[in-house]
Amino acid sequence: MIRTAVVLAATLLLVPVSAKAQAANADDVEQIVNGGFDNGVAPWWASSGAITVAGGQACVDVPGGTVNKWDFSIGQNDIDLVAGENYRYSFTATGAGHVVRAIVGGSAAPYDTYFEASPGLTADAEPYAYTFTSAVTTGQAQVAFQLGGSPDPWTFCVDDASLLGGVPPEVYVPDTGPRVRVNQVGYLPDGPKKATLVTDATTALPWQLRNAAGKVVKSGRSTPRGVDVSSGQNVHSIDFSGYRVRGAGYTLVADGETSRPFDVDTAAYRQLRTDALKFFYTQRSGIEIREDLRPGYARPAGHVDVAPNLGDGAVPCQAVPLPKPGLSVGGACDYTLDVTGGWYDAGDHGKYVVNGGISVWQVLSAYERFGVKSELAIPESGNGTPDVLDEVRWELDFLLKMQVPAGHAYAGMAHHKIHDAAWTGLPLLPHLDPQQRELHPVSTAATLNLAATAAQAARVYRRFDPAFAAKALAAARTAFTAARANPALYAPESDGIGGGAYNDSKVDDDFYWAAAELYLTTGERSYQDFLLASPQHTADVFTGAGAFDWASTAAAGRLDLAVLPSKLPGRAQIRDSVVRGAAHYLAIQRDQPYGVPYAPANNAWDWGSNSAVLNNAQVLATAYDLTGRAAFRDAALETMDYVLGRNALNQSYVTGYGEVSSQNQHSRWYAHELDATLPHPPNGSLAGGANSSIQDPYAQSKLTGCVAQFCYIDDIQSWSTNELTINWNSALAWMAAFSAS
Ligand code: 9MR
């Protein structure tokens, strides 16, 4: 859909003349030399082989059998860019069925990308055009067409390549459909039912609820709410909670607009609970994904030491010491580890202990809270252990493998992460990743994540696999002791090449969480003493815009201490603290016309905001458990409305749920947008969501100046707004389980 739009826009915008002739107005300045190939080939270059000019266009023979897009390119260097200036990057290209990665970026290491687009080419010469704002000033940029990654050789032709500076910015306007915003999946029959109307009107307007036959079944008047900060829109809210009749195909009509259809029912939430949990099987590393279990998603096992993978069977430590000694333990170790298995973190092939930790905790917490028995169609199904526990076990076994074995330096500590030595391109199936895999230094945060989740596992798995429970508890104890002996080994922000940094230099929260889990599992005095002495124990841990995430884990400990049975002194105060935290998020939600319990400082929505929203809902739901107060239950349920369509973009962030939903999340293997033979993400995959900082060039090219909720785009290139990640789906799974229950 997006590609069609681009081609269309290009057709309207472009007059196909040679680049040098394109000075449309006095300010426009062409940056590419010889873009029309009227003067031979110079100064264009190709990775190898000759560029031939025939019929006024340039062609190259692209070799087959390369892995990354950048393994074969043609381009031109010494391009000038000025920060803040708008450029139109356009060209005509041919290459039936192939996707070209057209970039403007740095021409030397670290080869930053300033803009990229990935159009699918056809057998005919077609024009493509994109407008972006440069974030940098440089005289050393390049334009390049990256053409690698095809198993077979092919021919690429290009003409009329132009990079025109000084053009007016292109204003991207998302298609947000009808102005009545609802939960497109559905409302629970006995749950809250709220909607948001975008309108210029400042006084109450009539609304009507219609059933599938178009009959008005309820009506009322809207409540004007003024300008909503999170969207910049003037809005009203609508409340039809009093309507409880089950059915499908309802619509809400107001101000001459008809909402997208929705159900009043519970069934979709049961399905969502299952799908959100099924997500994890297709993220598995080290095992083939079976077609019979996931039709359309089969793939060979990734990183099992079968070429071109270098495998995760014997992974060495990072060869190069980290640039900032003192921050962490740099450099090589004297062993390799078998770290096969686990879940791939996100759209990359990295596996990170801190993010694995919070994800495991949240899914196991859903099991401890709801006893989730969903059938997940995984290889272990039917073995007598609940599927959800078998799924989490896949990650737990990996986490345990990340612990430094006895007899080595830092024994008992956990390596922070394992991933590729360099970033790979998209698409790239896990089994085709040729990069060297590396263990990154141990860290206190990772070690405490291991201690917390292994202690929790010891409790949860005891009934089903006592030997595993005992092994996990021993690992948790060892990890906790090792972390106390090495309390300040921090993963640095600079360690972000080939994988995410997951830098974390605040670990008192992780100490608290780990001690809480160890105490809840063992009841032992030493952990109790540690807990009670922790400054986190009496701190208000629910002050963050999001209550918890991979970096801030104190709330995980607090919620478990509040909910799970123990003899800990002062449990009433612990419970009170959770209820006060929930009251804080409830007050925020009541203030938000879109019903979202999230209002970060300066309206700066964070990376993965959807998970922050859902994690806050988990606090609300837990307060409902503790108090039985309907206001908390309703607030938690209402949060789902935002994620499923009641938002400024009028779309659901969960693939396959709602009439319009995210489907192009950033992923190397669900890369349908780049390669039509690959699937979209499976139903039940949550996109990260609005991110005010829009760190990726694609989002920057479309969304610069966006207001919070609008800082999102469903494009595979937008890794900062549209990735999928295990810790985001764990939040979705928890809240889907709550809604279904
Ligand atoms: O979710 C992470 C977010 O909180 C951080 O701000 C961001 C930058 O460090 O990284 C996010 O995590 C990504 C990780 O680094 C690599 N795998 C994909 C993750 C989701 O985008």
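Residues numbered from 1 in each chain as written. Predicted model: local features only at pLDDT ≥ 70, side-chain atom pairs only at ≥ 80, totals over all residues. Heavy atoms only, no water.

An unreviewed UniProt entry lists the chain under the name Endoglucanase, from Winogradskya humida. Heading Catalytic activity (unreviewed entry) of the UniProt record for the chain holds this comment: "Endohydrolysis of (1->4)-beta-D-glucosidic linkages in cellulose, lichenin and cereal beta-D-glucans." As recorded by UniProt, the Sequence similarities (unreviewed entry) comment attached to the chain reads in full: "Belongs to the glycosyl hydrolase 9 (cellulase E) family." (UniProt positions renumbered as here; feature names shortened; annotations may be inferred.)

Some points on the state of the cysteines
Scanning all chains against the criterion turns up three disulfides. Cys 59 shares a disulfide with Cys 157; S-S distance 2.1 Å. Across the disulfide from Cys 59 to Cys 157, rotation about the S-S bond amounts to roughly 110 degrees, and the bridge is consequently right-handed. Remark: Cys 157 occurs in strand 11 (residues 154–165) and Cys 59 occurs in strand 4 (residues 57–62); sequence separation between them is 98 residues. Disulfide pairing places Cys 317 opposite Cys 333 at an S-S distance of 1.9 Å. Residues Cys 317 and Cys 333 share a disulfide whose torsion about the S-S bond is about 95 degrees; that sign makes it right-handed. With a gap of 16 residues between them, Cys 317 in the loop between helix 2 (267–282) and strand 22 (351–352) and Cys 333 in the loop between helix 2 and strand 22 connect regions that are remote in the sequence. Look at Cys 333 and you get partly exposed, because its relative accessible area is 25%. When the cysteines engaged in disulfides are numbered in sequence order, the chain pairs them as 1-2, 3-4, 5-6. (Disulfide = S-S within 2.5 Å. Helix = DSSP H or I, 4+ residues; strand = E, 2+ residues; numbered from the N terminus. Buried < 20%, exposed > 50% of the residue type's maximum accessible area, 1.4 Å probe, protein only.)

Side note on the sheet that holds strand 25 (residues 437–439)
Spatially, the three strands line up as an open sheet ordered 22-24-25, and their pairing is antiparallel. Edge positions in the sheet fall to strand 22 and strand 25, since each has one partner strand and no second. Sheet topology places strand 22 next to strand 24 (residues 417–420); two bridges connect them, and they run antiparallel. Across the sheet, residue Lys 351 finds its bridge partner in strand 24, namely Ile 418. (Pairing = 2+ DSSP bridges.)

Regarding the domain arrangement of the chain
Segmentation of the chain into domains returns domain 1 (18–165) and domain 2 (268–740). One C-alpha centre belongs to domain 1, the other to domain 2, and the line joining them spans 38 Å. Contact with domain 1, which involves 13 residues of that partner, is made by 12 residues of domain 2. Counting each side, the surface lost to burial between domain 1 and domain 2 is near 1000 Å², with a carbon and sulfur contribution of 58%. Looking at the side of domain 1 facing domain 2, the largest losses of area belong to Val 67, Trp 70 and Glu 116, adding up to 37% of the total buried there. On the surface where domain 1 and domain 2 come into contact, there are zero salt bridges. Scanning the region where domain 1 abuts domain 2 turns up one residue pair in polar contact (both at pLDDT 80 or more). Those elements that place two or more of their residues in the side of domain 1 that touches domain 2 are strand 8 (113–117) and strand 9 (126–133). (Domains from an automatic or database assignment. Contact = heavy atoms within 4.5 Å. Buried area = accessible area lost by both parts, 1.4 Å probe. Salt bridge = Lys/Arg side-chain N within 4 Å of Asp/Glu carboxyl O. Polar contact = N/O pair within 3.5 Å; in protein donor to acceptor, adjacent residues only side chain to side chain.)

Focus on helix 6 (residues 466–485)
Between the first and last C-alpha of helix 6 there are 29 Å, a value that for 20 residues agrees with the 28 Å anticipated at 1.5 Å per step. Looking at helix 6, one finds that the buried residues are Phe 468, Ala 469, Ala 472, Leu 473, Ala 475, Ala 476, Ala 479, Phe 480, Ala 482 and Ala 483. Against the buried residues of helix 6 lie helix 4 (387–401), helix 5 (444–460), helix 7 (508–522) and helix 8 (525–533). (Expected span 1.5 Å × (residues − 1).)

Focus on the sheet that holds strand 10 (residues 138–146)
Within a sheet, neighbouring strands are paired by backbone hydrogen bonds and run either parallel or antiparallel to one another. Strands sit in the order 2-5-10-7-8 across an open sheet of five strands; the sheet is antiparallel. The open sheet has two edge strands with one neighbour each: strand 2 (45–46) and strand 8. As judged from the six bridges shared by strand 5 (residues 73–81) and strand 10, these two strands associate in the antiparallel manner. When the sheet's bridge partners are listed, Ile 74 is paired in strand 10 with Phe 145.

A short note on the pattern of salt bridges
Applying the stated rule across the entire model yields 26 salt bridges. Where Lys 351 meets Asp 312, a salt bridge forms, and the shortest distance between an N and an O atom there is 2.8 Å. One end of the pair, Lys 351, is in strand 22; the other, Asp 312, is in the loop between helix 2 and strand 22, and 39 residues separate them in sequence. Taking the relative accessible area as the measure of exposure, Lys 351 reaches 1% and is therefore buried. Take Asp 312: its relative accessible area is 0%, and that puts it in the buried class. The salt bridge involving Lys 506 is made with Asp 508; its shortest N-O contact spans 3.1 Å. Owing to a relative accessible area of 46%, Lys 506 belongs among the partly exposed residues under this scheme. In this structure Asp 508 comes out as partly exposed when scored by relative accessible area, which is 30%. Through salt bridges with shared partners, a single ionic network connects Asp 312, Lys 351, Asp 420, Asp 433 and Arg 437.

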